[in-house]
Amino acid sequence: MNTLQAQDFPQILECIEDQKRMLRNAQSYAGQRPARKNEPKPAVQSWLLADLHVVHSSALPTLYPAILRAGKVLFNNLVLETHHRGTYLLVRVLTPQNRMTAVMAIVEDEKSEVFLLQLYHQVEMTEDILVPGGILIIKDPYLKLTADGRHGLRVDHVSDVVFLLAHDKRVPSCWHSELTNPQLKSADFWKTKGNEFFGQSRYQAAVEQALDSSPRADECHIIKLNRSLAFLRTNSFDAALVDVNSVLEVVNGKTKEKALFRKAQALYSLQRYRECCEALKALCLDYPDNAAAKVKLSEAVSRLAEQTTGKYQFKKLHAEAARLRPPQLDHATYIGPVEIRQSGSRGRNLFTTKAVKTGDLLFCEKAGDNLLIDVNANCFTSGAQPELITILVQKLYRNPSLTSAVKGLHCGSYSPVQGTFDIIDGMPVIDSFLLTRILLLNSFGCKFPEKAGALKRPVGIDRLGNLFPSLGLWTFASHMNHSCLSNAFRSFNGDMMIVRAIADIPVDAEITIQYLNPFNPQHQQKYIINWAFVCDCAMCEDDDHTSDIVIAKRKRLGESLQQLLRLLSRRGGSSGTASIASLIRKSSDLLAEMEETYIKPAEGVPRLTLWVGYRDFACALTLTGAGLSSNSQKAIEIGLKALRCLGFVIEGGSLGSNQGLVVKKWGYMEPGELDCWICLKTAYDCTGSHELALAAEGCAKVCYRIQLGEAETFQ
Ligand SMILES: C[S@@+](CC[C@H](N)C(=O)[O-])C[C@H]1O[C@@H](n2cnc3c(N)ncnc32)[C@H](O)[C@@H]1O
């Protein structure tokens, strides 16, 4: 949502066509054996000498689901562009790895057949993934013709790769290396090796070897405690928890202190704040001198309070969001009076669990930790970014407990195989194509504030055509359905998505947001097409019944109005009162003419083009009106009209009446609305109507809270 569409960018379409041509060409070789055989020495040498500093793009191959079971084959048994389902291939790495769109190295099979291996969705870590001598199992091998006419194995699903330890029974005898030398097999040797390698490549592998080398019980606890730290550093929080929990069953003293702290760190990262607080309280009780535990406990208590009450220190969040890049904030998700329920043919949606008022917080969700990327550097957002897919793949692969949040997300027509996300070989089956679809259909694009205190405009939503340089996945928010006449509005504070009601909503009502900003309603269906539904809201229906002639007329009148308003703003400072009066009259006439082009009442169908005209007119009048009571009076009349164009039902507000100013019903939420309320406040003040000015300021504050997520920074 709020991402750009490739169809608007001819260069991208051209690139997609090229990729399709290449794919079709490759598929014409399906079922054939590779024509050229790779000679081992030259293949390795040319790999080592190759200049890999070239730009690479990556296209998805024909989709295939993640495999669940496998039996052994050799490279010579493989044919091109074919999924050898139910089989696996053993390979040994011959060269150092290189990372482009995939992690790649030259590998060989047991018969010394040499070829390229490409592993997709492997995250950048301190450790190399493919190291010379490393032995891997590749499940469901897929032999692919590469763009340069050579061939290689392509692995898209991270769960299709199993990294073997040197002692593994599946390692063929021809590859037994010095690593399996009996003298080097002791756990102590590997533990020391692991410590030596800490922070460098091969740390994890050394620790795994240590555990695989029949350590004594006491050694085993220390090795697991060491490994839990490595897991924490690689965001494998589930695995870290398993290690520390097993250590905590038997240890005491310093080891227990360390283990409890690591347990708390893992729980904190998994946003399990209640359990985290419990672990830290136990730690502080048994080890009262542990200062780090006290600091962490106070953080965990704050997170738990946010999670359960929805009370955030938004000013602090703001400052953090402006400081951090990408702005991944350390705050908890709060789910307010909303829950997921079925909504007939529209799938699931969020429903209110109690009545809420305009501006109330419905929920505040943190982007799945790390599931937010700032793609500023790439300048182009084309939907689900490959980086985000890899982050998601890795996060779920390393933390199976998190798969439940993503498992049922909308994936359109893609059908994953049964058993996706099940645990096989100790790890969850991850289907990267399923996750790609999920990201395409559920991720949100957002903008971040440029720098602290520089917020002038709402940052969560922007007009069509503007870039949304960052992208993330908010799994709870992904359950919301679309309506152009939505009753909720999203904004962002860093990677926190804040969703508030923009109307008084009764209990058990559906919550909807705009997937895109329908400021230009004629275009929205084209953008919504990705989601394969037709929006049937009153605005879309009205749009269908509005002729192109009427739309062109509104546009023409709007352009003429803008010319007049420019003159009006310029003359505001000069003494040309007569010409100002004439500009005001002409502007009013144009708007009256535009008003006649609308048929349905604005309360049911907001009049967006007219709203822009009235709003800009009100702002221009406020600027020219400083000190001129008559212009301020006009600004008030026009400002109220502008808001009514958005469907607002406002009681009072006119000068001289003693009705005050009461919004009976809030209208369509538009970014410029805040300006309009501020203009009204200024104009009321200019006419000495300070009570009305206060009421307008109150409305501006509600509007600000909705559009920016909070009102703490309002002043
Ligand atoms: C991001 S998901 C929203 C949650 C989804 N309803 C679910 O069950 O997971 C987007 C999908 O919801 C459905 N949807 C959203 N808004 C809709 C609407 N106004 N009318 C019909 N279907 C809608 C479409 O199938 C769309 O592709």
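Everything numeric in this text was worked out from a predicted model, so none of it was measured. (Residues numbered from 1 in each chain as written. Predicted model: local features only at pLDDT ≥ 70, side-chain atom pairs only at ≥ 80, totals over all residues.)

Q: What should I look at first to understand the site of the ligand in this one?
A: The environment of the ligand is made up of 16 residues, and the closest members are G347, H410, N481, W531 and F533. Elements that contribute at least two residues to the shell around the ligand include exactly β12 (348-352), α13 (432-442) and β19 (481-482). Here the shell around the ligand is built from residues that sort into five nonpolar, nine polar and two charged. (Near = placed C-beta within 6 Å. Helix = DSSP H or I, 4+ residues; strand = E, 2+ residues; numbered from the N terminus. Nonpolar A, V, L, I, M, F, W, Y, C, P; charged D, E, K, R; others polar.)

Q: Would you mind going over the sheet that holds strand β22 (residues 510-513) with me for this structure?
A: Strand-to-strand pairing in sheets goes through backbone hydrogen bonds, with the strands running parallel or antiparallel. The mixed open sheet is built from four strands, whose spatial order is β11-β12-β22-β19. The two strands at the open ends of the sheet, each matched to only one other strand, are β11 (338-342) and β19. Note: β12 against β22, two bridges, orientation antiparallel. Residue pairing in the sheet places F351 in a bridge with E510 of β22. (Pairing = 2+ DSSP bridges.)

Q: Where do I start with the sheet that holds strand β21 (residues 496-501) in this structure?
A: With respect to topology, four strands assemble into an open sheet ordered β10-β13-β21-β20, the strand pairing being antiparallel. With partners counted over all chains shown, the strands left at the sheet margins are β10 (334-335) and β20 (488-493), one partner each. Contacts between helix α21 (residues 690-708) and the sheet are confined to β20 and β21, with β20 contributing the most and set at about 70 degrees to the helix. (Contact = placed C-beta atoms within 7 Å. Axes fitted to C-alpha atoms, helices over the stretch in contact; angles between N-to-C directions.)

Q: Is there a simple way to explain the packing of helix α6 (residues 237-248) against helix α7 (residues 253-269) in this structure?
A: Helices that pack against each other are described as a pair by the angle of their axes relative to one another and the distance between those axes. At their nearest, the axes of α6 and α7 sit 9 Å apart, and the two run at 150 degrees to each other. The orientation of α6 with respect to α7, classified from their angle, is roughly antiparallel. Crossing handedness for the pair α6 and α7: left-handed. Contacts between α6 and α7 involve F237, A240, L241, V244, N245, V247 and L248 from the former and T255, K256, A259, L260, R262, K263, A266 and S269 from the latter. Here the residues of the contact of α6 with α7 are counted per class, giving nine nonpolar, three polar and three charged. (Parallel < 35°, antiparallel > 145°, perpendicular 65-115°, else oblique. Left-handed = near helix turned anticlockwise from the far one by under 90°.)

Q: I'm lost on α13 in this one. Help?
A: Every α-helix winds through 3.6 residues per turn, so residues three or four apart in the chain are directed the same way. Burial runs high along α13: nine of the eleven residues are buried. As for α13, its buried residues are in contact with α11 (386-398) and α12 (403-407). (Buried ≥ 20, exposed ≤ 12 C-beta atoms within 10 Å, placed from the backbone.)

Q: Where do I start with unusual backbone geometry in this structure?
A: Of all residues except glycine, most have a negative phi; of all peptide bonds, most are trans. In this model, S112 sits at a positive phi of 65 degrees, which is unusual for a non-glycine residue. Of note, S112 is situated in the loop between β4 (103-108) and β5 (114-119). On the neighbour-count criterion, S112 (11 C-beta atoms within 10 Å) is exposed. Here N235, not a glycine, exhibits a phi torsion of approximately 60 degrees, which is positive. Assignment of secondary structure puts N235 in the loop between α5 (217-233) and α6.

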